[in-house]
Amino acid sequence: MLNFFHTYSKETFALVGVVLAFVLNRIFRLRSKLIYSVRHSSNYVVDQPLLDDQGAIVQQQQLVRTASIVAQNTGLQAAKNVEFTFNWKPPIYNVYPGRAFSTFNTEMNRWVLKLDSLAPSEQFAIEILSINQDLPVISAMRCDDASGKLITMMPQRVFPTWFNVLIVVELLAGIAFTFYLVATLIEWLAR
């Protein structure tokens with residue numbers, strides 16, 4: 001077996017190079033890639049009575065619900081015709097950053113907020129709010145060539161830049177040492 005690899009080492013490395021180039025091309029090809037998450041969702045009990053038209057108290061307290069949906073294009077190409085689909089129209093909503101968008105209802109009475117495009121690495125947030133009623137759930141996110149993927153999001157500690165650089169240097173040293181060990185092992189086996 002070792003004799004085979006020693007005899008055909010150039011051809012083997014050429015084949016591995018072609019396969020590796022194909023795999024890397026598939027991974028890093030130019031395309032849009034959408035992710036979205038519910039950044040936060042909160043309920044607030046407000047000690048403000050709800051009054052009817054005659055001024056009579058209907059409820060002693062009111063319930064305010066909020067949620068923040070954040071989306072990003074993590075791909076290498078702009079996402080065209082990005083759509084956020086909700087179960088119904090939120091009573092109050094805000095978008096950030098402020099930019100042009102359109103809204104419409106589908107045949108199944110779902111509410112859609114549509115952006116013309118989302119550039120690579122660009123983020124977009126939709127803040128929704130309701131008073132004494134439920135919030136709609138985002139049911140889908142999509143663009144012309146990709147579907148959005150729902151991800152879990154949580155707060156994360158931010159480390160100093162020097163620490164991040166140190167970690168990258170250690171990782172690169174580990175990768176170089178691994179390649180050195182593999183090359184040494186192949187050389188030892190070829191003897």
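Provided above is the structure to which this section pertains.
Residues numbered from 1 in each chain as written. Predicted model: local features only at pLDDT ≥ 70, side-chain atom pairs only at ≥ 80, totals over all residues. Heavy atoms only, no water.

**A few points about the pairing of strand β4 (residues 62–73)**
- When you tally the buried positions in β4, you get 10 out of 12 residues, the bulk of the element.
- Bridge count between strand β1 (residues 34–46) and β4: 12 bridges; the pairing is antiparallel. If you follow Ser37 over to β4, its bridge partner there is Val70.
- Relative to strand β9 (residues 123–131), β4 is paired through nine bridges, and the arrangement is antiparallel. Bridge pairing links Val70 to Ala125 in β9. (Buried < 20%, exposed > 50% of the residue type's maximum accessible area, 1.4 Å probe, protein only. Helix = DSSP H or I, 4+ residues; strand = E, 2+ residues; numbered from the N terminus. Pairing = 2+ DSSP bridges.)

**A word on unusual backbone geometry**
- Put simply, Tyr96 and Pro97 share a cis peptide bond, and its omega is -5 degrees.
- Its identity is not glycine, yet Ser121 carries a phi of approximately 70 degrees, on the positive side.
- Mapped onto the elements of the fold, Ser121 is located in the loop between β8 (111–118) and β9.
- On the basis of relative accessible area, Ser121 is assigned to the exposed category, the value being 56%.

**Let's talk about the sheet that holds strand β10 (residues 138–142)**
- Judged by pairing direction, the sheet is antiparallel, and its four strands sit side by side in the order β7-β8-β5-β10 without closing on themselves. Looking at the sheet topology across the chains shown, the edges are occupied by β7 (102–105) and β10. For this sheet, the mean angle separating the axes of adjacent strands, direction not counted, is 20 degrees. (Axes fitted to C-alpha atoms, helices over the stretch in contact; angles between N-to-C directions.)

**Overview of the nonpolar core**
- One finds Val82, Phe84, Phe86, Leu118, Phe124, Ile126 and Met141 to be the most contacted residues of the largest nonpolar core, which totals 22 residues.
- Breaking this core down by element, the ones donating at least two residues are β1, β4, β5 (79–86), β8, β9 and β10.
- Setting aside residues no more than four positions away along its own chain, Ile126 makes contact with Ala67, Ser68, Ile69, Phe84, Phe86, Asn94, Val95 and Leu113. (Core = buried A, V, L, I, M, F, W, Y, C linked by side-chain atoms within 4.5 Å. Contact = heavy atoms within 4.5 Å.)

**A closer look at the side chain of Asn73**
- Mapped onto the secondary structure, Asn73 falls in strand β4.
- By relative accessible area, which is 0% here, Asn73 ends up buried.
- For Asn73, the side chain forms a polar contact with the main-chain nitrogen of Lys33, separated by 3.1 Å.
- At 2.9 Å, the side chain of Asn73 forms a polar contact with the backbone oxygen of Leu118. (Polar contact = N/O pair within 3.5 Å; in protein donor to acceptor, adjacent residues only side chain to side chain.)

**Notes on the environment of Phe163**
- Tracing the chain through its elements places Phe163 in helix α3 (residues 161–190).
- For the pair Phe163 and Ser41, spaced 122 residues apart in the sequence, the C-alpha separation amounts to 32 Å.

**Some details on a nonpolar patch on the surface**
- A contiguous nonpolar surface patch, about 1000 Å² in accessible area, is contributed by Leu15, Val19, Leu20, Phe22, Val23, Leu24, Ile27, Phe28, Leu30 and Leu76.
- Relative to the elements of secondary structure, Val19 occurs in helix α2 (residues 9–28).
- On the basis of relative accessible area, Val19 is assigned to the partly exposed category, the value being 45%. (Patch = residues over 30% accessible without salt bridge, like charges linked within 9 Å, V, L, I, M, F, W, Y side chains within 5 Å. Areas by Shrake-Rupley, 256 points an atom, 1.4 Å probe, with all protein chains shown as cover. Salt bridge = Lys/Arg side-chain N within 4 Å of Asp/Glu carboxyl O.)

**Quick notes on a positive patch on the surface**
- There is a patch of like positive charges on the surface, built from Arg26, Arg29, Arg31, Lys33 and Lys149.
- Summarising the element assignment, Arg26 is placed in helix α2.
- Of the residues examined, Arg26 reaches a relative accessible area of 46% and is grouped as partly exposed. (Lys, Arg positive; Asp, Glu negative; His and termini not counted. Charge placed at Lys NZ, Arg CZ, Asp CG, Glu CD.)

**Notes on the pattern of salt bridges**
- Summed over all chains, the structure comprises four salt bridges.
- Residues Arg39 and Glu127 are paired through a salt bridge, measuring 3.4 Å at the closest nitrogen-oxygen approach. Taken together, the residues Arg39 in strand β1 and Glu127 in strand β9 connect sequence positions 88 residues apart.
- Overall, the relative accessible area of 41% leaves Arg39 in the partly exposed class.

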